[in-house]
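# Architecture and fold: a report
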Amino acid sequence: MTYKQHALAILFSFIAIHGSAQTKMSKLDSIFLREKMIMETTIANGVSKYKMPIAPEGFSLQLIGSDNLSVITKNGAVFTPLNKLQVNLLLKATKIKDKSSIEIPIALTVEGTYKNKGVNAKPFVIPSLREWVGAEGDFVLTAISRIVVDPKNETTLMKAATVFQNDLVELGTAKPAVVVGVPRSGDIFISLNGNKEEFGEEGYSLSITDYVSINAAQYKGVFWGTRTILQLLEQDSKLSSLPKGISRDYPKYEVRGFMLDVGRKYFTIDFLRDYVKLMAYYKMGDFQLHLNDNAFVKHYNNDWDSTYSGFRLENERYPELPTKGEFYTKKEFIDLQILAESYGVNIIPEIDVPAHSLAFSKAFPQIASKEYGKDHLDINNPETYTIVENVFKEYLEGDSPVFRFKEVHIGTDEYDKKESESFRKFTDHFIKYVQSFGKEVRVWGALTHAQGITPVTSKGVTMNAWYNGYADPLKMKELGYPLISTPDGLLYIVPAAGYYYDYLNVKHLYNNWEPVTIGNTVFHMGDPFIRGGMFAVWNDVAKNGITAQDVTDRVFPAIQVLSEKMWSGTNKVVEFNEFSKKAKNINEGPGLNLRGLIKSKDSLVLNFPLNGKDKIKKGRNTKYVSDGKIKVLNLKKHSSHMKLPYNEIGYNYTVAFKINPSKNNKENAVIFQSNHAKVKLKQGKTGNLGFSHEGNDYDFGISIAEDKWSSIAVTGDNNSTTLYLDGKLAKKLTREKVSTGSEKDSIWVMKTLFFPLNTIGNETNSFVGKIKDLKVFNTILSKTQIQAIKEEE
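Residues numbered from 1 in each chain as written. Predicted model: local features only at pLDDT ≥ 70, side-chain atom pairs only at ≥ 80, totals over all residues. Heavy atoms only, no water.

To continue, consider the overall build of the protein. Looking only at helices and strands, one finds 16 helices and 45 strands in the protein. In terms of overall size, the protein behaves like a compact globule, its C-alpha atoms giving a radius of gyration of 29 Å where 793 residues would be expected to give roughly 28 Å. Along the first, second and third principal axes, the C-alpha atoms of the protein reach 100 × 70 × 50 Å. Measuring between centres, the 100 positive side-chain charges of the protein sit 5 Å from its 90 negative side-chain charges. (Helix = DSSP H or I, 4+ residues; strand = E, 2+ residues; numbered from the N terminus. Rg over C-alpha atoms; globule rule 2.2 N^0.38 Å. Lys, Arg positive; Asp, Glu negative; His and termini not counted. Charge placed at Lys NZ, Arg CZ, Asp CG, Glu CD.)

Quick look at the structure:
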């Protein structure tokens, strides 16, 4: 290998605009260093140690970062990739005389083991495989295929094998046996023989030959490998074929996260369990749960006592703290974390203090701030410290604490800057308090906003960098805080709020963003202070009609794109339109259908005349009766119900049916229901057709005639729910600006619906009458098409 002087002019121009925590070296010294430094730009196949550049006399160089730690580690170890690729290193140059320093990014070409990418093209998965060399032909999973666990790793890997087995069954393959031993042709073999320095916690190698082998250094790497296999199988029409080849796969960023605000909006524990599985399917490893928060007082006539607040975790010492009827028991939360452990996902619990803390001050009025509002705790009151300590202690103490993972988030942002010194003292105290239980701490960036002289611990603390005005990323790096890139202007979803994003601009993110970008600050690739990134859903506007299903409608496209950007970085090979097209073939993961998708060969996914010949189970207190020349389904009692083959259908859909209600149906009589919603013949006391979900009621303002057949069609998208009666547009319910709080204040209220299809009728309050000709489409039909359905008989 030859040495040469490397022209660093372009490189140093980057230094001027990119993030550098301590750009202290003088311009003259930088120019001298640029001219005299000698380095190699290519690492040959088989080289196992990176050879540092030669610095001119009077300067030293140190390798401090790499954007591909599975090829070049921070210790300079080199692991040969499959094919030639570029690795970005970050060096720190120091002038020995005065200790001034500068960071220098270097791009290196690392030669691979193979000169080409082989026969089979790299298969599409999300996130994409980092390295791939294709062989010829396909591996086929059969009825006699097994999941084989390496005997050396039986204790560690049996859980991964069992989860994988269940997922294959949910996907629709035959149930493979799980055995311990040696693989044979047709098997899937999992082992932990990988080099920890090479693969870290999450990397793995994948070999698809006559059998499939997933090899990693730790559990999570093997588990991620099983997600890759599942995605490949999902895209095969027979759910059985995998392209032969080999891969080395590993994340570019350690933290790849999503934060859900459950404080302002309650989500069921089952919903959170499903999200663990969803995130794992896309190798998203951090699920932060924002466990307490409150709505805006202006939406509640500036009355703090009536302002909505939530605290979501059982607390035995302070049973008045959790929100009545809307919290998780400690057992539920522990079980959630145990599930997450088996799926390779870290649960990051967040208790947000001393702002966003109305739930605390409602339970303990004596610690509410008298100056800044009741959602601020009085941080100069010793009792505030005592109560908050006791809350954290209940979840952190003991050999088996409620908070099982190594990191805990303590909030700490958006307090009034007039209390900067007290706020800094409070933050430092609770960092150290949580650390005293053996945990590492995460905080929201606030220390530029809350400037002061009171020191705040940075060791063992990671900061979510969300807004540069609150925490300047460069200053935070200089103070020693590792950062999670969470820029609000790019990665905040606030559903139907009218500010931030309702849906993220995923095309822009795909083309332009990586975690090294925080606001207008761009750090060097490989900067060790950038741990990764995280996007967030904030449910700022409480009670605005947004459902859990609406949240998923916003989250899912973001997960697909951001998992790619945080695992693989910028993909220069696959353009966004191609990515988006192929991504439609990958769903949420086996056993999940959070988006209510129903697929079929054409748009008509269900066509039940309800004449007794449909393939549905006989219901209770139902009967098929003659109506002219045909038979129709008759629900004769208020306990009548019949099971349908689906639970619900999500956006975009059309559901059409004909109904003939008997006289004197009760209030809230149910036509259709699911575990999420009900469609009612009579919505409450209105007597109008309507629907209900998550405690909210909506009606179309139109009643359905009794003892007469009416043709009904309902269409739904992510913004509206529309009723057609006898082929004519009757009412469109769409998001509406509603006055709330003061006269000048308003919020957007959503009126969307995942149409329920679990049962016709209800066990205790079914509509009484006849129903026929149920048709469900996974598209929104035109008015002309709906009119045509009305005319059918």
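A few words on the environment of P482. As for its placement among the helices and strands, P482 is situated in the loop between α11 (473-478) and β23 (483-485). Taking the C-alpha atoms as reference points, P482 and A730, 248 residues apart in sequence, are found 56 Å from one another. Residue contacts for P482: discarding those within four places in its chain leaves V461, T462, M463, F529 and R531. (Contact = heavy atoms within 4.5 Å.)

As a further point, take the packing of helix α6 (residues 269-281) against helix α7 (residues 330-342). Where α6 meets α7, the axes come as close as 10 Å, and the angle between the chain directions of the two elements is 15°. Between α6 and α7, the crossing angle belongs to the class labelled roughly parallel. The hand of the α6/α7 crossing is right-handed. Facing α6, whose interface residues are I269, L272, R273, V276 and K277, α7 presents E332, D335, L336, L339 and A340. Here the contact of α6 with α7 is composed, by residue class, of 6 nonpolar, no polar and 4 charged. (Axes fitted to C-alpha atoms, helices over the stretch in contact; angles between N-to-C directions. Parallel < 35°, antiparallel > 145°, perpendicular 65-115°, else oblique. Left-handed = near helix turned anticlockwise from the far one by under 90°. Nonpolar A, V, L, I, M, F, W, Y, C, P; charged D, E, K, R; others polar.)

Pairing is mixed across the open sheet formed by 4 strands, whose spatial order is β4-β7-β6-β5. Among the strands making up the open sheet, the edge pair consists of β4 (42-43) and β5 (59-66). Here β4 runs beside strand β7 (residues 101-110); their pairing, made up of 2 bridges, is parallel. The residue bridging T42 from the neighbouring strand is T109, located in β7. (Pairing = 2+ DSSP bridges.)

Moving on to the packing of helix α14 (residues 548-567) against helix α15 (residues 576-583). Packing of α14 against α15 leaves a shortest axis separation of 11 Å and a crossing angle of 125°. As the angle between them shows, α14 and α15 are arranged oblique. Our pair here, α14 against α15, has a crossing hand that is right-handed. Between α14 and α15, the residues in contact are Q560, V561 and E564 and F576, F579 and A583, respectively.

Time to look at α14. Look at α14: 27 Å from first C-alpha to last across 20 residues, which is about the 28 Å you get at 1.5 Å a residue. Across the 20 residues of α14, 19 count as buried, placing the element largely inside the fold. Just downstream of α14 lies G569, where phi reads positive at about 85°. (Expected span 1.5 Å × (residues − 1). Buried < 20%, exposed > 50% of the residue type's maximum accessible area, 1.4 Å probe, protein only.)

Strand β22 (residues 461-465) sits mainly inside the fold: 5 of its 5 residues count as buried. Direction of pairing for strand β21 (residues 440-444) relative to β22: parallel, over a ladder of 4 bridges. Paired with W444 across the bridge in β22 is N464. One ladder, built from 3 bridges, connects β22 with β23; its direction is parallel. When the bridges of β23 are listed, A465 appears paired with S485. Traced from β22 through α11 to β23, the parallel crossover comes out right-handed. (Right-handed = clockwise from strand over helix to strand, strands pointing away.)

This paragraph deals with unusual backbone geometry. Of note, the amide linkage connecting I126 to P127 takes the cis form, showing an omega dihedral of -5°. Within the secondary structure, P127 is located in the loop between β7 and β8 (131-140). Put simply, V353 and P354 share a cis peptide bond, and its omega is 0°. Mapped onto the elements of the fold, P354 is located in the loop between β19 (346-353) and α8 (358-363). For N302, which is not glycine, the phi torsion reads 55° and is therefore positive. Assignment of secondary structure puts N302 in the loop between β17 (292-294) and β18 (309-311). With a phi close to 65°, N668 is a non-glycine residue in the positive phi region. Tracing the backbone through its elements, the reader meets N668 in the loop between β33 (653-661) and β34 (670-673). Taking the relative accessible area as the measure of exposure, N668 reaches 27% and is therefore partly exposed.

Let us look at the sheet that holds strand β11 (residues 188-191). A sheet is described by the order of its strands in space; here 7 strands give the open sequence β8-β14-β12-β13-β11-β9-β10, paired in mixed fashion. Unpaired on one side and paired on the other, β8 and β10 (177-180) mark the two borders of the sheet. Each adjacent strand pair in this sheet contributes to an overall mean axis angle of 20°, direction not counted. As judged from the 3 bridges shared by strand β9 (residues 146-149) and β11, these two strands associate in the parallel manner.

A complete count under the given rule lists 42 aromatic pairs for this structure. With a centroid separation of 6.0 Å and 50° between ring planes, the pair formed by Y467 and Y470 is classed as tilted. Classification of Y470 by relative accessible area gives buried; the value is 16%. Among the aromatic side chains, those forming a connected cluster through ring pairs are W444, W466, Y467, Y470, Y492, Y499, Y500 and W538. K265 extends its terminal NZ or CZ atom over the ring of F267, reaching a point 5.3 Å from the ring centre. (Phe/Tyr/Trp six-rings, centres within 6.5 Å; stacked < 30°, edge-to-face > 60°. Lys NZ or Arg CZ within 6 Å of the ring centre and 35° of its normal.)

In this structure, E578 sits in helix α15. Here E578 falls in the partly exposed class, since its relative accessible area comes to 36%. Of note is the side chain of E578, whose polar atom sits 3.0 Å from the side chain of K582. (Polar contact = N/O pair within 3.5 Å; in protein donor to acceptor, adjacent residues only side chain to side chain.)

The topology assignment puts S766 in the loop between β44 (759-761) and β45 (769-777). Using a relative accessible area of 0% as the deciding quantity, one classes S766 as buried. At 3.1 Å, the side chain of S766 forms a polar contact with the backbone oxygen of S640. Here S766 is in contact with L635, K637, H638, S640, N665, A669, V670 and G761, once residues within four sequence places are set aside.

This paragraph deals with the nonpolar core. In terms of nonpolar packing, the biggest core is built from 158 residues, with L260, L272, F287, F392 and F535 touching the most fellow members. No other element matches α14, which puts 10 residues into this core. Sequence-distant contacts of F392, defined by excluding residues within four places in its chain, comprise I351, V353, V408, I410, F430, Y433 and V434. Core analysis: the next-biggest nonpolar cluster, separate from the first, contains 41 residues, V605, F657, Y698 and I771 among them. (Core = buried A, V, L, I, M, F, W, Y, C linked by side-chain atoms within 4.5 Å.)

To continue, consider the confidence of the model for the protein. In the predicted model, the protein carries a mean pLDDT of 95, and 97% of its residues have values of at least 70. Segment residues 1-21 is flagged for pLDDT under 50; beyond a separation of four residues in sequence, or across chains, it makes 51 contacts in the model. (pLDDT = per-residue confidence, 0-100.)

Quick look at the pattern of salt bridges now. Taken as a whole and judged by the stated rule, the model has 39 salt bridges. Among the salt bridges present, the one from R227 reaches D167, with a minimum N-O distance of 2.7 Å. Of this pair, R227 sits in helix α5 (residues 219-234) while D167 sits in helix α3 (residues 154-171), and the two are 60 residues apart along the sequence. The exposure class of R227 is buried, given its relative accessible area of 2%. On the accessibility criterion, D167 (5% relative accessible area) is buried. A salt bridge links E201 to K220, with the nearest nitrogen and oxygen atoms 3.6 Å apart. Here the residue E201 occupies a position in the loop between α4 (196-199) and β12 (204-208), and K220 occupies one in helix α5, the gap between them amounting to 19 residues. (Salt bridge = Lys/Arg side-chain N within 4 Å of Asp/Glu carboxyl O.)

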